[in-house]
Amino acid sequence: MNMLKPLGDRVVLKVEEKEQTVGGFVLAGASKADTKTAEVVAVGEGVRTLSGELIAPAVKAGDQVLVESHAGIEVKDGEETYTIVGTSNILAIVE
């Protein structure tokens, strides 16, 4: 992969195709269509407050996350497809 470095509070995700369970939790029919699991590949530095303080994203590379299914922009790199989303589209970290 040509390394994508997301800006601000954006995150690069590698979406997983299996959506049946998330960390042992079985997703109900409607929520399975509304969410997907993904691995965080790269994270932006965060956003700055009005006073200039940097607030880092709550996720890091390697985290498994639950994200809204229609969120973000897909980017292809050869055969691989990645999704760039804002951290507000990430619903939970799967531990």
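Residues numbered from 1 in each chain as written. Predicted model: local features only at pLDDT ≥ 70, side-chain atom pairs only at ≥ 80, totals over all residues. Heavy atoms only, no water.

The name that an unreviewed UniProt entry assigns to the chain is Co-chaperonin GroES, with the source organism given as Streptococcus parasanguinis. UniProt annotates the chain under Subunit (unreviewed entry) with the comment "Heptamer of 7 subunits arranged in a ring. Interacts with the chaperonin GroEL." As recorded by UniProt, the Sequence similarities (unreviewed entry) comment attached to the chain reads in full: "Belongs to the GroES chaperonin family." (UniProt positions renumbered as here; feature names shortened; annotations may be inferred.)

Bringing the overall build of the chain into the picture now. For the chain, the count of helices and strands is one helix and 10 strands. When the helices and strands of the chain are placed in sequence order, the string is β-β-β-α-β-β-β-β-β-β-β. When the 95 residues of the chain are sorted by exposure, 29% land in the buried category. Looking at the chain alone, contacts between residues at least 24 apart form 62% of all its contacts between residues at least 6 apart. Accessible surface, the chain as shown: approximately 6,100 Å² in total, 55% of it carbon and sulfur. (Helix = DSSP H or I, 4+ residues; strand = E, 2+ residues; numbered from the N terminus. Buried < 20%, exposed > 50% of the residue type's maximum accessible area, 1.4 Å probe, protein only. Contact = heavy atoms within 4.5 Å. Areas by Shrake-Rupley, 256 points an atom, 1.4 Å probe, with all protein chains shown as cover.)

Moving on: the sheet that holds strand S8 (residues 73-77). Spatial strand order, S8-S9-S1-S4-S7-S10: six strands in an open sheet with antiparallel pairing. Both outer strands of the open sheet, S8 and strand S10 (90-94), are each paired with one neighbouring strand and no more. Direction aside, neighbouring strands of the sheet carry axes that sit 40 degrees apart on average. (Pairing = 2+ DSSP bridges. Axes fitted to C-alpha atoms, helices over the stretch in contact; angles between N-to-C directions.)

On to the pattern of salt bridges. Side chains that carry opposite charge are capable of pairing whenever their charged atoms lie near each other. All told, the structure shown has two salt bridges when counted by the stated rule. Here Lys-14 ties to Glu-80 by a salt bridge, and the two come within 2.9 Å at their closest N and O atoms. One end of the pair, Lys-14, is in strand S1 (residues 10-15); the other, Glu-80, is in strand S9 (residues 80-86), with 66 residues separating them in the sequence. Looking at Glu-80, the relative accessible area reads 34%, which means it is partly exposed. Of the charged contacts, one joins Asp-63 and Lys-60 as a salt bridge, the two residues approaching to 2.9 Å between their closest N and O atoms. By relative accessible area, which is 11% here, Asp-63 ends up buried. (Salt bridge = Lys/Arg side-chain N within 4 Å of Asp/Glu carboxyl O.)

On the secondary structure map, Thr-83 appears in strand S9. What makes Thr-83 buried here is its relative accessible area of 2%.

On to the nonpolar core. Judged by nonpolar contacts, Val-11, Leu-13, Ala-38, Val-40, Val-59, Val-65, Val-67, Ala-71, Val-85 and Ile-90 together constitute the single largest core of 10 residues. Those elements that provide at least two residues to this core are S1, strand S4 (35-43) and strand S7 (64-68). When near neighbours in sequence (up to four residues on either side) are disregarded, Leu-13 contacts Ala-38, Glu-39, Val-40, Val-41, Val-65, Val-67, Tyr-82, Thr-83 and Val-85. (Core = buried A, V, L, I, M, F, W, Y, C linked by side-chain atoms within 4.5 Å.)

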